[in-house]
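Remarks on the overall topology
In case you want the letters, here they are:
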Amino acid sequence: MTMQPTPRPDGLADGAADLLTRASIAAAIAAAHAEAVDRDGRFPEEAVAALRSQRLLGAAVPIAFGGEGASVRTLAEIAYRLGRACASSAMIFAMHQTKVACLIRHGRGEPWQDGLLRRIADEQLLMASSTTEGQGGGNVRSSAAAIEADGAAVTLERAATVISYGAQADGVVTVARRSPEAGPSDQVLCVFLKEDYALERLSGWETLGMRGTCSSGFRLKARGLPQQVLAARYGDIHNQTMTPVSHILWSSAWAGIGASAVDRAQAFTRTAMRGAGGVAPPGALHYARAVSSLKQARALITQALDTFEGAEGDPAALAGLDVQTALTMLKVEVSELAVATVSSALRATGLAGYRQDGDFSVGRALRDILSAPIMIHNDRIVANLATATLMSPVAASLGA
């Protein structure tokens, strides 16, 4: 009889414990280099090397393909731990795992895609994301560039607004129009490996925060096999996997950033109280607000995981308006709660937190977390949802 993993109170299976132990090792290395990554605006090479050595880049790949079959819930916990250590490392992990999830859920069963999954697990390949281009910015449901047939091959040329860690990745997963004749929303998901494409830098990445993601703009010129274009409609990939997984993992990374700021606010408040004979400093009430905001964010992520896991095997359920609304709005709500968390932590620590040096500084966390509401702008997301929900009835009771 096959033994099933034992469920734990946190919703993780006991089989995830080893992954989380390895994640903590990688997070410690990420934390040791986070200041230099931010200061120099460089790729967190030490953290990514640690993720590779701990075999976490291929964690979600099914066991049959050499991976460990990690659940989205386990990946979210890893993103949270990395977020507490280094925001850029956490976001790179989240973006990579989102692309791997798309390949697993929508490409598996095709020989070329199966071979790629084996390589991701075996070689710990890092996959970059390219979903925005030109003037469209964060509108990932509209593409300008198209896949074109070229004899026995396919080609793609697109001007990408950003390709996060594009220069450092082993491959890129990108969206394009199905053909030159297709409309902007008739899209496919394509995957190219480093030997398949060339990158021409179009813009740099001199930003307030998240500096280590190295999200420069590039012109991508790719040539590959037709099998490198997933057969599934991108609209289905977007709704069933891209949006829910990215929003859960991004939110987990942002909650981790918030937790790092709360850690410092707590340490400051305890130190100040010891020095004042147990009297709380004036900023203590802001510490309480930071704790509350973080708890709300974590609760929303847990609720979203429950929703996703309850529907992930049922495409019709995943496409339902209530599920789509909950998983889409998760990004909006957690990004804003995370900003509130770090802002409250700053007010709790006062000048000690405002300083760039010292044990209580939250400056880096604040600069990093300010990217959250504008990474695919919250206003765009809410505007799109507003139209979709106009025909939905307003709840008549609390239990409805």
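Scroll up to find the structure this text is about.
What you see is a predicted model, and the numbers here were worked out from it, not measured in a lab.

**Here's the deal with the packing of helix H1 (residues 17-40) against helix H3 (residues 72-85)**
Contact geometry for H1 and H3: axes closest at 8 Å, N-to-C directions at 25°. As summarised for this structure, H1 and H3 are arranged roughly parallel, according to the angle between their axes. Viewed along their axes, H1 and H3 form a crossing whose handedness is right-handed. Contacts between H1 and H3 involve Leu19, Leu20, Ala23, Ser24, Ala26, Ala27, Ala30, Ala31 and Ala34 from the first element and Thr74, Glu77, Ile78, Arg81, Leu82 and Ala85 from the second. Of the residues assigned to the contact of H1 with H3, the class counts are 11 nonpolar, 2 polar and 2 charged.

**Overview of helix H7 (residues 284-311)**
Helical geometry: 3.6 residues make up each α-helical turn, so side chains three or four residues apart lie on a common side. The terminal C-alpha atoms of H7, which comprises 28 residues, lie 41 Å apart, in line with the 40 Å expected from a rise of 1.5 Å per residue. Among the residues of H7, those classed as buried are Ala284, His286, Tyr287, Ala290, Ser293, Leu294, Ala297, Ile301, Ala304, Leu305, Phe308 and Ala311. Buried residues along H7 sit against H3, helix H4 (87-107), helix H6 (234-275), helix H8 (315-318) and helix H9 (321-349).

**Overview of the sheet that holds strand E5 (residues 187-193)**
With respect to topology, 3 strands assemble into an open sheet ordered E1-E4-E5, the strand pairing being mixed. Of all strands in the sheet, those bounded by a partner on one side alone are strand E1 (127-130) and E5. Here the average twist between neighbouring strands, direction ignored, is 25°. Relative to E5, strand E4 (residues 171-177) runs antiparallel, the two sharing 7 bridges.

About the criteria used
Residues numbered from 1 in each chain as written. Predicted model: local features only at pLDDT ≥ 70, side-chain atom pairs only at ≥ 80, totals over all residues. Heavy atoms only, no water. Axes fitted to C-alpha atoms, helices over the stretch in contact; angles between N-to-C directions. Helix = DSSP H or I, 4+ residues; strand = E, 2+ residues; numbered from the N terminus. Parallel < 35°, antiparallel > 145°, perpendicular 65-115°, else oblique. Left-handed = near helix turned anticlockwise from the far one by under 90°. Contact = heavy atoms within 4.5 Å. Nonpolar A, V, L, I, M, F, W, Y, C, P; charged D, E, K, R; others polar. Expected span 1.5 Å × (residues − 1). Buried < 20%, exposed > 50% of the residue type's maximum accessible area, 1.4 Å probe, protein only. Pairing = 2+ DSSP bridges.

Spatial relationships are all this shows, so hold off on functional conclusions.
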